[in-house]
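So you can see what is in the structure, the chains are spelled out below.
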Amino acid sequence: QVQLVESGGGLVQAGGSLRLSCAASVMIFTTINEMGWYRQAPGKQRELVARITSGGSTNYADSVKGRFTISRDNAKNTMYLQMNSLKPEDTAVYYCNAESTYRFGGRNAYWGQGTQVTVSS
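Residues numbered from 1 in each chain as written. Predicted model: local features only at pLDDT ≥ 70, side-chain atom pairs only at ≥ 80, totals over all residues. Heavy atoms only, no water.

### Overview of the state of the cysteines
Note the cut-off: Throughout, disulfides are identified as pairs of cysteine sulfur atoms within 2.5 Å of each other. Every helix listed is a DSSP run of H or I at least four residues long, and every strand listed is a run of E at least two residues long, numbered separately from the N terminus. Any residue under 20% of the maximum accessible area for its type is buried, any over 50% is exposed, and the rest in between are partly exposed; the area is computed with a 1.4 Å probe on protein chains only.
Taken as a whole and judged by the stated rule, the model has 1 disulfide. The disulfide partner of C22 is C96, and the S-S distance across this bridge is 2.0 Å. Where C22 bonds to C96 through sulfur, the torsion about that S-S bond is close to -75°, and the disulfide is left-handed. With C22 in strand β3 (residues 18-26) and C96 in strand β9 (residues 92-102), this residue pair connects regions lying 74 residues apart in the sequence. C96 matches C22 in its accessibility class, with the two residues each being buried.

### Focus on unusual backbone geometry
For F29, which is not a glycine, the phi torsion comes out positive at approximately 70°. Topologically, F29 is positioned in the loop between β3 and β4 (30-40). Given a relative accessible area of 37%, F29 falls into the partly exposed group. Residue N77 is not a glycine yet carries a positive backbone phi of 50°. Within the fold, N77 resides in the loop between β7 (68-73) and β8 (78-83). Using a relative accessible area of 29% as the deciding quantity, one classes N77 as partly exposed.

### Some remarks on the pairing of strand β5 (residues 47-52)
The condition that has to hold: Note on pairing: DSSP must find at least two bridges between two strands before they are called paired.
Here β4 runs beside β5; their pairing, made up of 5 bridges, is antiparallel. Its bridge partner being in β5, G36 is matched across the sheet by R51. Pairing between β5 and strand β6 (residues 58-60): 3 bridges, direction antiparallel. Looking at the pairing, R51 lines up with N59 of β6.

### A closer look at the sheet that holds β3
The line we're drawing: The convention used is that axes are lines fitted to C-alpha atoms, helices contributing only their stretch in contact, and that angles between N-to-C directions extend from 0 to 180 degrees.
Strand order across the open sheet formed by 4 strands is β1-β3-β8-β7, with antiparallel pairing between neighbours. Since the sheet does not close on itself, it has two edges, and those belong to β1 (2-7) and β7, each with one partner. On average, adjacent strands in this sheet sit at an angle of 15° to one another, irrespective of strand direction. Where β3 and β8 come together, 6 bridges link them in antiparallel fashion. Considered in β8, the bridge of S21 is made with Y80.

### Some points on the nonpolar core
Stated formally: What we call a nonpolar core is a set of buried Ala, Val, Leu, Ile, Met, Phe, Trp, Tyr and Cys residues that are connected through their side-chain atoms within 4.5 Å. Here, two residues are considered to be in contact whenever any of their heavy atoms come within 4.5 Å of each other.
Membership of the largest hydrophobic core comes to 29 residues, with the highest contact counts inside it found for W37, L81, M83 and Y94. Listing elements by their share of this core, those giving two or more residues are β1, β3, β4, β5, β7, β8, β9 and β11 (115-120). Setting aside residues up to four positions removed in sequence, L81 forms contacts with L18, R19, L20, W37, V49, A50, F68, T69, I70 and Y94.

Take it as geometry only, folks, not as evidence of what the structure does.
Spelled out as structure tokens, the structure:
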């Protein structure tokens, strides 16, 4: 019903910026609802970074408030995460998540393959 592909990860120095993108391919009869970014550092559990509704309402983890901005372009079925003032503790694999509604199957959740973000000190 939904395929998610992340891009934009890479290596950056502390204080630098990156912008992640998540492109969604949606099958017929499927509507994307809420989307979000999660991250997982080595040896740690996956955690929420930011989420955004179809109407544009957002919420952020306390650790990234004021530094990260989540947005989406519904016409392009694409979500973004602008990351500024990056810190070494932001180093993680970042995953795109989407919740969708399929007319004949109800709601489902999907994950992208992940993109590595590494911040050097």
